[in-house]
Amino acid sequence: MTSHNDFSDGTYDIVGVGFGPSNLGLAIAIEEHNRMCSPAERLTACFVESKDEFAWHPGMLLPGTSMQISFLKDLATQRNASSEYSFLAYLSERGRLNHFINLQTFFPSRLEFHDYLAWAAGKVDATVHYGTRALDVVDTGDGYGVRTEGRRTGTVRGRNIVLAGGLTATLPDGVTASARQFHNHDLLGELDRLPSRTHRTFAVVGAGQSAAEVVDYLHSTYSDASVHAVLRKYGYSPADDSPYANRIFDPTAVDDFYSSSHTLREQLLHYHRGTNYSAVDLPLIEELYAREYSERVSGKRRLFVHGASRLIRATEEPSGVRVSVEHGPTGLTEDILCDAVVYATGFTSLDLPEILGPLFDDVEYDSRGPRVTRDYRLVTREPSAGSIYLQGGTEHTHGLTSSLLSNIAVRSGEIVKSAVGARVRSVV
């Protein structure tokens, strides 16, 4: 349930910045905590979200794409297996439980999981101000305030702030977003707005799951178009989703990672990058390769994978973009005139200096990032009346689950427990 009332004159226990999956999981954990605890331990919360309604990467809800994690890693199950906010509860309410069982899969479609998240966002008893952008966080003396603009302009006060601003799409250096050059995160919207398709050619830069999905979608959807995939590797590398490797995403692995030395943390991240970064589901790799090979046999080429290559130049022209692709081993270049260039080049986490403003100067920081406690609180040089928690941007301290869905349920419970403990101590 959402509310668009004015900010309360009082102070919330928790103010959440952003209302994507992470803070949605937190809202659920707060509701379930309040239902079971004594009145003295109940938490009040408010969330601000810049989007006009709940949405989770709607521009990448491509037909046929599936989740890469088990449905059991939903918003609640690993914290509370009997939660009414589990994916199984969602299926039951939608009348699809038996049909899903018959699919015999742990991996729902991305479209269905988005519907699950939206269902949970509409169901949870939380105050959410949509269309409201957080400008920065300020010290109020007895806690913090989040200054906002949009539908609700003002300052919402909280003893604790939970920053879950999500990820920001990044483009390669020197690339400026335009109608014909854009990041993949809003692929469907950008394609709808494409000025024209004179050349019937696309280029896709990147080697990860999103890049491969974009190549697959463009090649399948635009049957008259050529698709040029540009990647620095010789080809797409398969994601390591084997059982032992997946232990890196277990909640207990967060404890292990946090207690490790900086050297061991870096080793673990290096060892297991193939579970998440620049890695593609093997069936998709095999499908793209078979498709490209079939075209080689027929002589009717539309799919071109430029391995060990890089895009060295992209020049906008009146009817398209002229790109130059360099083959690394030979140094040979090829010019391709495209209707659009899609950059599947990743994301960066929340910009802490921007959102914290002057408060950032009080955060303890080193070359790896901000210091963060095990319960996800930023460490400050001076004691403060409240705490600022991070949901994301903690890969250097908490491991690979920092920006992923895998640990949302457990992490939300840990933040609730921490906030309750702080409140009880302040009362005593």
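About the thresholds
- Residues numbered from 1 in each chain as written.
- Predicted model: local features only at pLDDT ≥ 70, side-chain atom pairs only at ≥ 80, totals over all residues.
- Heavy atoms only, no water.
- Patch = residues over 30% accessible without salt bridge, like charges linked within 9 Å, V, L, I, M, F, W, Y side chains within 5 Å.
- Areas by Shrake-Rupley, 256 points an atom, 1.4 Å probe, with all protein chains shown as cover.
- Salt bridge = Lys/Arg side-chain N within 4 Å of Asp/Glu carboxyl O.
- Helix = DSSP H or I, 4+ residues; strand = E, 2+ residues; numbered from the N terminus.
- Pairing = 2+ DSSP bridges.
- Axes fitted to C-alpha atoms, helices over the stretch in contact; angles between N-to-C directions.
- Buried < 20%, exposed > 50% of the residue type's maximum accessible area, 1.4 Å probe, protein only.
- Right-handed = clockwise from strand over helix to strand, strands pointing away.
- Phe/Tyr/Trp six-rings, centres within 6.5 Å; stacked < 30°, edge-to-face > 60°.
- Lys NZ or Arg CZ within 6 Å of the ring centre and 35° of its normal.
- Contact = heavy atoms within 4.5 Å.
- Core = buried A, V, L, I, M, F, W, Y, C linked by side-chain atoms within 4.5 Å.

Asks: Any details on a nonpolar patch on the surface? Residues and values, ideally.
Replies: On the surface, L72, L88, F106 and F107 cluster together to form a nonpolar patch covering roughly 350 Å² of accessible area. Mapped onto the elements, F106 comes out in the loop between α3 (97-103) and α4 (110-123).

Asks: Describe in detail the sheet that holds strand β11 (residues 303-306), supporting the description with residues and values.
Replies: In spatial order, the strands read β8-β15-β9-β10-β11; together these five strands make up an open sheet with parallel pairing. A single partner strand is all that each edge strand has here, and the edge strands are β8 (181-183) and β11. Between one strand axis and the next, the sheet turns by 20° as a mean value, whatever way the strands run. Pairing of strand β10 (residues 226-230) with β11 involves four bridges; the strand directions are parallel. Following the sheet pairing, V230 is matched in β11 by H306.

Asks: Please set out the pairing of strand β5 (residues 144-150) residue by residue, giving values where relevant.
Replies: Sheet faces and side chains relate simply in a regular strand, where the side chains alternate between the two faces. With seven bridges connecting them, strand β4 (residues 132-139) and β5 associate as antiparallel partners. Bridge pairing links D139 to Y144 in β5. Counted between consecutive antiparallel strands, the loop separating β4 from β5 contains four residues, among which G141 sits at a positive phi close to 95°. Pairing geometry for β5 and strand β6 (residues 154-163), over five bridges, is antiparallel. Residue Y144 lies in a different strand from β6, and its bridge partner there is G158. A loop of three residues connects β5 with β6, the two strands running antiparallel in sequence.

Asks: An account of the pairing of strand β9 (residues 201-205) is requested, with residue identities and associated values reported.
Replies: Counting buried residues along β9, five of its five residues qualify, which places the element largely inside the surrounding structure. Because side chains alternate across β9, one face comprises the buried residues T201, A203 and V205, and the other comprises F202 and V204, equally buried. Where β9 lies against β10, five bridges are found, and the strand directions are parallel. For T201, the partnering residue across the bridge sits in β10 and is S226. In this view, the connection linking β9 to its parallel neighbour β10 by way of helix α6 (residues 209-221) has right-handed handedness. One ladder, built from four bridges, connects β9 with strand β15 (residues 340-343); its direction is parallel. By the bridge assignment for β15, F202 is matched with A340.

Asks: So what's going on with the packing of aromatic side chains? Residues and values would help.
Replies: A full pass over the atoms with the stated rule returns 17 aromatic pairs. Aromatic ring contacts, followed pair by pair, group W56, F71, Y85, F87, Y90, F100, F106, F113, Y116 and W119 into a single cluster. We note R265 situated over the ring of Y258; from NZ or CZ to the ring centre the distance is 5.5 Å. Above the face of the Y376 ring, R411 is positioned so that its terminal group lies 6.0 Å from the ring centre.

Asks: How would you summarise the environment of A229 if you had to cite specific residues and measurements?
Replies: Within the element layout of this structure, A229 appears in strand β10. With relative accessibility at 0%, the residue A229 sits in the buried group. Other than its neighbours up to four places away in sequence, A229 contacts V204, V215, Y236, F304, V305 and H306.

Asks: Help me get a handle on the pattern of salt bridges, residues and values and all.
Replies: Tallied over the full model, the rule gives 27 salt bridges. Residue E414 is joined to R374 by a salt bridge in which the shortest nitrogen-to-oxygen separation is 3.1 Å. Highlighted residues: E414 in helix α12 (residues 408-427) and R374 in the loop between β18 (369-370) and β19 (387-390), separated in sequence by 40 residues. Among the ionic contacts, a cluster of salt bridges with common partners joins E31, R35, E84 and K123.

Asks: Describe the nonpolar core, and please don't skip the residues or the numbers.
Replies: Counting residues in each nonpolar core, the largest one holds 43 residues, and the members touching the most others are F19, L24 and F47. Those elements that place two or more of their residues in this core are α1 (21-36), β2 (45-49), α2 (87-94), α4, β3 (128-130) and α12. Setting aside residues up to four positions removed in sequence, L24 forms contacts with F19, F54, L75, L117, A120, A121 and V124. A212, V215, L231 and V280 belong to the second-largest nonpolar core, a separate cluster that totals 29 residues.

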